[in-house]
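# Observations on the three-dimensional arrangement
The residues making up each chain are set out below.
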Amino acid sequence: NQGVAPVTYGQGDRPPRGDYARARADYTCEQDWAAYTAQDHELYRRLYERQAAQLPGLACTEFIEAVQHLGTPQRIPRFDELSDRLYRSTRWEVVAVPGLIPEEAFFKLLSERRFPVTGWIRKPEEFDYVVEPDVFHDLFGHVPLLFNPVFADYMQAYGAGGLKASRLDACELLARLYWYTVEFGLIRTPDGVRAYGAGILSSAGELRYSVRSPEPSRVPFDLTRIMRTRYKIDTYQASYFVIDSFQQLFDATAPDFTPLYAAVRAQEEIDAGRVLPHEERIPPAA
Ligand code: PHE
Ligand code: FE
């Protein structure tokens, strides 16, 4: 599990990890690539190697094909070089940020097709689990699918939708959509379910668990249902939502959410792990 709400600034009382003194007003900063140590690059290499080895049979093909665009598996990529490739592909860029940023700043960057990537990397003792997203989670988990045209457009639409949700006081509902798609989404393929969510794809253990374990519930993607569903931030997910295609995700989220937020607020919340009577249970992959 990636263990952090993506739009949460800091963890409870603790300030977020990272050097915010260097950040601009929009929270972006320089990557300062020269400041990474040999140990930092070595840790990135080991993380990359462990995750890349698990992708076949667990990650969706769109992700597997795109992951090579990250370049340099043996050291932390230079964001400006990666941005050049990404921009040529889908007109997205990656920008460095000190760490978690306030949700409005996050939404604004996404709406401008700029994906914020944390500069720091975890410590060696955090190899298996890190509480806040680091450069490995942000790059390896999120950036490959930004090379996919439909997913890239979805992320921009999400950013614009986030700015709107802030005005409607609906960020909590919208965050569940991010959580259950961008972070922990599964997709149906002819060979069974596969992962496309960044929280899964950057996790040592949840990748296999989310796709193969008989334990969690997997149900079809349903926008309002997702907005009603709580989520776990410190364990593997109890529920996963399965899309049929990125186009389905884009189309289903295109309508105005204003009436939807009102409707969802009037309904009861649903605990993670529950399957509703009418819902299809999607089996784990073999
Ligand atoms: N269509 C949403 C709205 O009007 C915006 C959105 C798009 C949100 C895609 C999330 C994902 O609020
Ligand atoms: Fe993330």
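Scroll up to find the structure this text is about.
Here is a short report on the structure shown in this document. All figures in this text were calculated on a predicted structure; none of them were measured in a lab.

### A look at the side chain of Q54
Along the polypeptide, Q54 turns up in helix 1 (residues 38–54). Among the polar contacts listed, one links the side chain of Q54 to the backbone oxygen of A204, at a separation of 3.1 Å. Sequence-distant contacts of Q54, that is, excluding residues within four places in its chain, are made with S203, A204, L207 and R208.

### Digging into the site of ligand 1
Around ligand 1, the neighbouring residues are Y154, A157, Y158, G161, K164, L174, L177, T253, A254, P255, D256 and F257. Contact between ligand 1 and T253: a nitrogen atom at 2.7 Å from a main-chain N or O atom of the residue. F257 places a main-chain nitrogen or oxygen 3.2 Å from an oxygen atom of ligand 1. Coverage of ligand 1 by the protein chains reaches 93% of its 330 Å² of free accessible surface.

### Some points on unusual backbone geometry
Positive phi outside glycine occurs at R113, with the angle close to 55 degrees. Examined against the element boundaries, R113 turns out to sit in the loop between helix 4 (103–111) and strand 2 (114–118). One non-glycine residue, D169, lies in positive phi territory at about 60 degrees. Among the secondary structure elements, D169 is positioned in the loop between helix 6 (149–167) and helix 7 (171–183).

### Topic: the packing of aromatic side chains
How two aromatic rings sit relative to each other is given by the distance of their centres and the angle of their planes. In the structure shown here, the tally under the stated rule is 19 aromatic pairs. A ring pair is formed by Y180 and F241, whose centres lie 4.9 Å apart and whose planes are at 75 degrees; its orientation type is edge-to-face. Here Y180 is found in helix 7, whereas its partner F241 is found in strand 6 (residues 239–243), with 61 residues between them in sequence. Side by side, Y180 and F241 carry an identical accessibility label, which is buried. Ring pairing ties together the aromatic residues Y44, Y48, F63, F136 and F140, which thus form one cluster. The residue whose ring lies beneath R50 is F127, and the NZ or CZ to ring-centre distance is 4.0 Å.

### A closer look at the coordination of the iron ion (ligand 2)
At the metal site, the iron ion (ligand 2) is ligated by H137 (NE2), H142 (NE2) and E183 (OE), and these contacts range over 2.0 to 2.1 Å. A relative accessible area of 4% means that E183 is categorised as buried.

### Remarks on helix 3 (residues 79–90)
Counted at 1.5 Å a residue, the expected span for helix 3 with its 12 residues is 16 Å, and the 16 Å between its end C-alpha atoms agrees. The complete set of buried residues in helix 3 reads F79, L82, S83, L86 and T90. Around the axis of helix 3, the buried residues are gathered within 100 degrees of arc, so they sit on the same side. Exposed and oriented more than 90 degrees from the buried face of helix 3 are D80 and R88. Buried-residue contacts for helix 3 involve strand 1 (93–97), strand 2, helix 5 (135–142) and helix 6.

### A word on the pairing of strand 1
Of all five residues making up strand 1, four are buried, and the element is well covered by its neighbours. Examined bridge by bridge, strand 1 and strand 2 share five bridges and lie parallel to one another. Residue pairing for strand 2: V94 is matched across the bridge by F115. Where the polypeptide runs from strand 1 across helix 4 and back to strand 2, its parallel neighbour, the crossover connection is right-handed.

Thresholds applied
- Residues numbered from 1 in each chain as written.
- Chains lettered and ligands numbered in written order.
- Predicted model: local features only at pLDDT ≥ 70, side-chain atom pairs only at ≥ 80, totals over all residues.
- Heavy atoms only, no water.
- Helix = DSSP H or I, 4+ residues; strand = E, 2+ residues; numbered from the N terminus.
- Polar contact = N/O pair within 3.5 Å; in protein donor to acceptor, adjacent residues only side chain to side chain.
- Contact = heavy atoms within 4.5 Å.
- Near = heavy atom within 4 Å.
- Areas by Shrake-Rupley, 256 points an atom, 1.4 Å probe, with all protein chains shown as cover.
- Phe/Tyr/Trp six-rings, centres within 6.5 Å; stacked < 30°, edge-to-face > 60°.
- Buried < 20%, exposed > 50% of the residue type's maximum accessible area, 1.4 Å probe, protein only.
- Lys NZ or Arg CZ within 6 Å of the ring centre and 35° of its normal.
- Donors = N, O, S within 2.8 Å, 3.2 Å for Na, K, Ca; no water.
- Expected span 1.5 Å × (residues − 1).
- Arc of directions from axis to C-beta.
- Pairing = 2+ DSSP bridges.
- Right-handed = clockwise from strand over helix to strand, strands pointing away.

Don't take any of this as a statement about function, it's just geometry.
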